[in-house]
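Observations on the three-dimensional arrangement
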Amino acid sequence: MKTATAPGTVKLSSVKKSGKNKAKVTWKEIPGASGYEIYMKTGTSSYKKIKTITKGKTTSYTKTGLKKGKTYSFRVCAYKKIGKDSKLYGGNSKVKSLKLR
């Protein structure tokens, strides 16, 4: 029986406006992570997964289609693939928010 160690907690570097109606989310790479899941919420809604990144070396994502005047909050979680269909998750990053002006 194999056991696996969960990846570490992601350190979110920044969430910045990136052109019109876009936000660029960047984070520090977690050694050994298979990929990352990015979650977003608007205002007081709950978090929804908006993207699964399947490459552990990828450390940024640009979200498009955002609306002016709204506040968006992002968090990122690393995962490690276990077998064919399972994932082992690390902790969620701290939340960073951006208000589009």
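The shown structure was predicted, so the numbers you read here are calculated from the model rather than taken from an experiment.

Rules used throughout
Residues take numbers from 1 onward in each chain, read along the sequence in its written order. Totals for whole chains, interfaces and linings use all residues, but because this is a predicted model, local features are given only for residues with pLDDT of at least 70 and pairs of side-chain atoms are given and counted only at 80 or more. Derived side-chain values reflect all non-hydrogen atoms in the structure, with water molecules and hydrogen atoms excluded from consideration. Only DSSP runs of H or I covering at least 4 residues are called helices, and only runs of E covering at least 2 are called strands; the numbering of each starts at the N terminus. Burial here depends on accessible area, computed with a 1.4 Å probe over protein chains only, as a share of the maximum for the residue type. Under 20% is buried, over 50% is exposed, and the range in between is partly exposed. By definition, two strands form a pair when at least two bridges between them are found by DSSP. Lines fitted to C-alpha atoms define the axes here, with helix axes fitted over just the stretch in contact, and angles between the N-to-C directions of these axes take values from 0 to 180 degrees. Polar contacts here mean pairs of N or O atoms no more than 3.5 Å apart (in protein, one a potential hydrogen donor and the other a potential acceptor; neighbouring residues in sequence count only if both atoms are side-chain atoms). Side-chain rings of Phe, Tyr and Trp (the six-membered ring for Trp) are treated as a pair once their centres are within 6.5 Å; stacked means planes under 30 degrees apart, edge-to-face means over 60, and tilted covers the remaining angles. The salt bridge criterion pairs a side-chain nitrogen of Lys or Arg with a carboxyl oxygen of Asp or Glu, the two atoms within 4 Å.

**As for the overall build of the protein**
- A tally of helices and strands in the protein yields zero helices and eight strands.
- What you see in the protein, going N to C, is helices and strands ordered as β-β-β-β-β-β-β-β.
- Its C-alpha atoms put the protein at 50 × 25 × 20 Å along the principal axes.
- The buried share of the protein, taken over its 101 residues, is 33%.

**Observations regarding the sheet that holds strand β2 (residues 23-27)**
- Within the open sheet, the three strands sit side by side as β1-β2-β5. Their pairing is antiparallel. Edge positions in the sheet fall to β1 (12-17) and β5 (60-63), since each has one partner strand and no second. Each strand of the sheet is rotated relative to its neighbour by a mean of 15 degrees, with strand direction disregarded.
- Pairing of β1 with β2, which is carried by five bridges, proceeds in the antiparallel orientation. Bridge assignment links Val 15 to a residue of β2, and that residue is Val 25.

**A word on the environment of Ser 93**
- Note that Ser 93 resides in the loop between β7 (86-92) and β8 (96-99).
- A residue is classified by how much of its surface remains accessible, and Ser 93, at 5% relative accessible area, is buried.
- Ser 93 sits 81 residues away from Leu 12 along the chain, and the two C-alpha atoms are 6.0 Å apart.
- Separated by 2.9 Å, the side chain of Ser 93 and the backbone nitrogen of Val 76 make a polar contact.

**A word on the packing of aromatic side chains**
- One pass over the structure, following the stated rule, counts two aromatic pairs.
- Ring centres 6.3 Å apart and planes at 55 degrees place the aromatic pair Tyr 79 and Tyr 89 in the tilted group. Here Tyr 79 is found in strand β6 (residues 71-82), whereas its partner Tyr 89 is found in strand β7, with 10 residues between them in sequence.
- With relative accessibility at 36%, the residue Tyr 89 sits in the partly exposed group.

**Structural notes on the pattern of salt bridges**
- Scanning the entire structure with this criterion turns up three salt bridges.
- Put simply, Glu 29 and Lys 57 hold a salt bridge, and the shortest N to O gap is 3.4 Å. With Glu 29 in the loop between β2 and β3 (35-42) and Lys 57 in the loop between β4 (48-53) and β5, this pair connects stretches of sequence that are 28 residues apart.
- Residue Glu 29 is classed as partly exposed on the basis of its relative accessible area, which comes to 37%.
- Glu 37 serves as the salt-bridge partner of Lys 49, at 3.5 Å between the closest nitrogen and oxygen. Highlighted residues: Lys 49 in strand β4 and Glu 37 in strand β3, separated in sequence by 12 residues.
- The structure contains a network of salt bridges with shared partners spanning Glu 37, Lys 49 and Lys 87.

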